[in-house]
Amino acid sequence: MVTLQATEHTTTTALDGSFNLPLASGTNTFVVAAKKGWFNGFVYVPSTPMNGVQIDMEEVPVWDDPAYDLQDPLNCSACHIEQYEEWNGSPMQQAGTNLWLYDIYDGTGTPGGMGGFVYERDSVHLAHAPHSDCAPCHQPVPWVKLKDPDAPLDDLSNLSPEAVHGVSCDVCHKIAHVDESKMDYPGLFPQQTTFTKPPMGSGGMHEPIIYGLLGDTMYSDTQMRPSYQPQLGSAMCTTCHQDTNDHDDDGEFGDPGSIVSEPTWDEWSSSEYSNPNSVHYADCVDCHMKPTGSNYASTLSIAPFRDAETIRGHDVRGTTPLYLENACDVTLDVVQNGTTLDVEVDIFNNQTGHSLPTGVTVRNMILLVEATRDSDGAALNHSGTQVIHDLGGVGSPDQGYYAGLPGKLFGKHNLDATGAGPTFYTEATAILFDTRLPALQHDITNYTFDVPAGTGPVSVRARLIYRRAYTFLTDAKGWVVDGKGNPLEDKMAPHFGHLMEERRYPDQALVINPPIGIAGGPGMISVEGAWAGNTVAFLGSGNGFGSTVTPYGFTLGIAAPIHQLGHDTADANGLATLNMAVIPLRLSGRQIWLQAVERKGPSTFNLSVPITATIQ
């Protein structure tokens, strides 16, 4: 691959190494050649056109110095401060200190950690693998050096700096090769992942080598010499986000009888998202390492100005509200035929490049469908058979135990050698069921409710709720915080999990009421018909009705410029109120135009009909 640096002008060479960039133009720039396994080569271009350009390249030696220690990320921060700050405090940096990890590993993460399954106490594999295979992903820095499958995690009360660093810069940027035929090995096993561990050079520094996805990087000093590694996308991510267990303790993963724990690579690679010719094509980096808006990859003066889309953030996240609320679309269809209410819920996984949910086995989603009588809120009798599995929690619905209620559980259920389950993935010998929703697939379920004569108006509510762990496990461990120590939504009303999507029938119109108040004094604007808990924004214009396109996918009915007056959260009655301390005196006698916007989901909005009012 040959590129005019920091441009879209790129090509591949012919077999003899010749190349041509006919549309490339510029002055005082570089042309860079890149190939996996070779140091990037470059040549200075004072101006274009330029003929007879020759770029020399050097193959990266197969270095594997046992004395090499993966570098402290602070060493990288000198030139890559933005990337360091994004990484520091991220899930990647915190991978080695996750409280849930330790509760499953040795029971020391939280006060109730010894409840439920504890690997070092309960696993049938202790004789062969006394410490499981946690370290290769969660504390990889010392593991890469030792290559010891039996390496334990650090004692949580005495963590080394390497453990605290979690997945740090050198872990990813020293990966020379990923064997994509062995994706089922957990973490950074040498059968799957090859590292370049450079020896000490003559100047007392390690020979520099940094792999990256930017194939036009040219730089060379005692700290860094770049080499293009196109696998530092989905293939690299998969080293820790696809694995099976070693069911027969033979040191082989992915052999017959192995049970998959995290099948994210399988899910992605079998979908249209992995097809470069598809309109859906995207890899892990595209979705989970969003551009930061920066135009420079480093603070060095030699760093070229780049398209911001090419500078990817290193705050790698996946189950934040932003991602959970932008994962899928939910459609609710309701038809009443006499004394029967028929409900259809369609969940379309159209915004995620893998199954929903993906990741470790205990993650799950709950679809909860409720039909009620408007007069008193009483639940209608569900006469259908589609109900939530017991893994949704057996107990009081008021406490988030939804088993047996109308809806569906999306998750995976493993069985151990005795046929009992759910079990931790290391103990699994079979999968009883897997109801997770594949990428670009629909899941349609139907529900029937009885509506006796005289019931009056009825309402339907469908909620899709994400849970970080099955209820039986959160109860056994007494978890009230997640692995990072944050309050656990799974145990918090009103949803007992994170609300991903919500749909209601009938969907009320959003109505904005005229403002109350006099110029120079306090005022109030209110809106009726919003869903409880939703945010409502109040917008104003002094230029009349109009058509104003917004970046959020909807068009306002008032003319620009638009003034954001404030926002409020709708109460249980669907009322949102904007209280103004003082209505500006200059508005006295002025006509204004108002509109309200309710945010119902990541890309779903409800707009009121715009109104006009004259300020007294």
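Residues numbered from 1 in each chain as written. Predicted model: local features only at pLDDT ≥ 70, side-chain atom pairs only at ≥ 80, totals over all residues. Heavy atoms only, no water.

A. Here's a closer look at the overall build of the chain. On a plain count of helices and strands, the chain comes out with 13 helices and 32 strands. Over its C-alpha atoms, taken along the principal directions, the chain stretches across nearly 85 × 70 × 45 Å. Counting the 616 residues in the chain, one finds 47% classified as buried. Counting every atom, the chain has about 28400 Å² of accessible surface; 54% of that belongs to carbon and sulfur. Charged side chains in the chain number 31 positive and 72 negative. The centres of these two groups are separated by 5 Å. (Helix = DSSP H or I, 4+ residues; strand = E, 2+ residues; numbered from the N terminus. Buried < 20%, exposed > 50% of the residue type's maximum accessible area, 1.4 Å probe, protein only. Areas by Shrake-Rupley, 256 points an atom, 1.4 Å probe, with all protein chains shown as cover. Lys, Arg positive; Asp, Glu negative; His and termini not counted. Charge placed at Lys NZ, Arg CZ, Asp CG, Glu CD.)

B. Structural view of the sheet that holds strand S1 (residues 2-4). Across the sheet, which stays open at both edges, the four strands sit in the order S2-S1-S3-S5 with antiparallel pairing between neighbours. With partners counted over all chains shown, the strands left at the sheet margins are strand S2 (10-11) and strand S5 (41-47), one partner each. Taken together, the six bridges between strand S3 (residues 27-33) and S5 define a ladder with antiparallel strand orientation. If you follow Ala-33 over to S5, its bridge partner there is Gly-41. (Pairing = 2+ DSSP bridges.)

C. Focus on the sheet that holds strand S13 (residues 329-337). Taken together, the three strands give an open sheet; going across it, the order is S13-S14-S19, and neighbouring strands pair in antiparallel fashion. In this open sheet, the two edge strands, each paired with only one partner strand, are S13 and strand S19 (442-450). Across the sheet, the axes of successive neighbouring strands diverge by a mean angle of 15 degrees, strand direction being ignored. The sheet contact formed by S13 and strand S14 (residues 340-348) spans nine bridges and is antiparallel. Its bridge partner being in S14, Val-334 is matched across the sheet by Val-343. (Axes fitted to C-alpha atoms, helices over the stretch in contact; angles between N-to-C directions.)

D. Structural context of the packing of aromatic side chains. One pass over the full model with this rule turns up 19 aromatic pairs. Between Trp-265 and Trp-268, the ring centres sit 5.5 Å apart and the planes meet at 50 degrees, which makes this aromatic pair tilted. In this pair, Trp-265 and Trp-268 both sit in helix H10 (residues 264-269), three residues apart, roughly one turn of the helix. Exposure remark for Trp-268: the relative accessible area of 12% places this residue in the buried category. Ring pairing ties together the aromatic residues Trp-143, Tyr-185, Phe-189 and Phe-253, which thus form one cluster. (Phe/Tyr/Trp six-rings, centres within 6.5 Å; stacked < 30°, edge-to-face > 60°.)

E. Highlighting the environment of Asn-606. By the secondary structure assignment, Asn-606 is in strand S31 (residues 604-607). Relative accessible area serves as the criterion here: at 16%, Asn-606 is assigned to the buried category. Once the C-alpha coordinates of Asn-606 and Pro-357 are considered, the two residues, 249 residues apart in sequence, prove to be 27 Å apart. Setting aside residues no more than four positions away along its own chain, Asn-606 makes contact with Gln-508, Leu-510, Ala-596, Val-597, Glu-598 and Lys-600. (Contact = heavy atoms within 4.5 Å.)

F. A look at unusual backbone geometry. Thr-48 connects to Pro-49 through a cis peptide bond whose omega is 0 degrees. The peptide bond linking Leu-356 to Pro-357 adopts the cis configuration, its omega dihedral lying at -15 degrees. As for its position among the elements, Pro-357 is in the loop between S14 and strand S15 (364-373). Residues other than glycine seldom take positive phi values, yet Ala-6 does so here, at roughly 60 degrees. Here Ala-6 is to be found in the loop between S1 and S2. You can call Ala-6 partly exposed: its relative accessible area is 26%. Of note in this structure, Leu-440 is not a glycine but carries a positive phi near 60 degrees. Tracing the backbone through its elements, the reader meets Leu-440 in the loop between strand S18 (430-434) and S19. For Leu-440, a relative accessible area of 19% corresponds to the buried category.

G. Representation of the pattern of salt bridges in the model. In this structure the tally under the stated criterion is 17 salt bridges. Between Arg-225 and Glu-58 there is a salt bridge, and its shortest N-O distance comes to 3.0 Å. You can see Arg-225 sitting in the loop between strand S9 (210-212) and strand S10 (226-228) and its partner Glu-58 sitting in strand S6 (residues 58-59), a full 167 residues away along the chain. For Glu-267, the salt bridge is made with Arg-436, and the minimal N-O distance between the two is 2.6 Å. In this pair, Glu-267 is assigned in helix H10 and Arg-436 in the loop between S18 and S19, connecting sequence segments 169 residues apart. Glu-267 gets classed as buried once you look at its relative accessible area, which sits at 9%. Its relative accessible area of 12% is what places Arg-436 among the buried residues. When salt bridges with common partners are traced through the structure, they connect Glu-267, Asp-434 and Arg-436 into a single cluster. (Salt bridge = Lys/Arg side-chain N within 4 Å of Asp/Glu carboxyl O.)

H. Examining the pairing of strand S26 (residues 545-549) more closely. Pairing of S26 with strand S27 (residues 555-558) involves three bridges; the strand directions are antiparallel. Along S27, the bridge assignment pairs Val-549 with Thr-555. Connecting the antiparallel pair S26 and S27 is a turn made up of five residues, with Gly-553 showing a positive phi of about 95 degrees.

I. View of the environment of Trp-100. Mapped onto the elements, Trp-100 comes out in helix H3 (residues 99-105). As a C-alpha pair, Trp-100 and Val-481 span 381 residues in sequence and 9.1 Å in three-dimensional space. With residues near it in sequence (within four places) discarded, Trp-100 still touches Arg-468, Ala-469, Trp-479, Val-481, Asp-482, Gly-483 and Leu-488.

J. Structural context of the side chain of Asp-154. Considering the arrangement of structural elements, one finds Asp-154 in the loop between helix H6 (140-146) and helix H7 (161-165). With no salt bridge to any partner, buried Asp-154 finds its closest opposite charge in Lys-145, at an N-O distance of 13 Å. Of the polar contacts made by the side chain of Asp-154, one reaches the side chain of Ser-160; its length is 2.6 Å. Ignoring any residue separated from it by four or fewer positions in sequence, one finds Asp-154 in contact with Tyr-102, Gln-139, Leu-159, Ser-160 and Ala-163. (Polar contact = N/O pair within 3.5 Å; in protein donor to acceptor, adjacent residues only side chain to side chain.)

K. Just helix H9 (residues 234-241), in detail. Taken across its eight residues, H9 has seven buried, putting it largely inside the fold. Within the span of H9, buried status applies to Ser-234, Ala-235, Met-236, Cys-237, Thr-238, Thr-239 and Cys-240.

In short, geometric facts, not functional conclusions.
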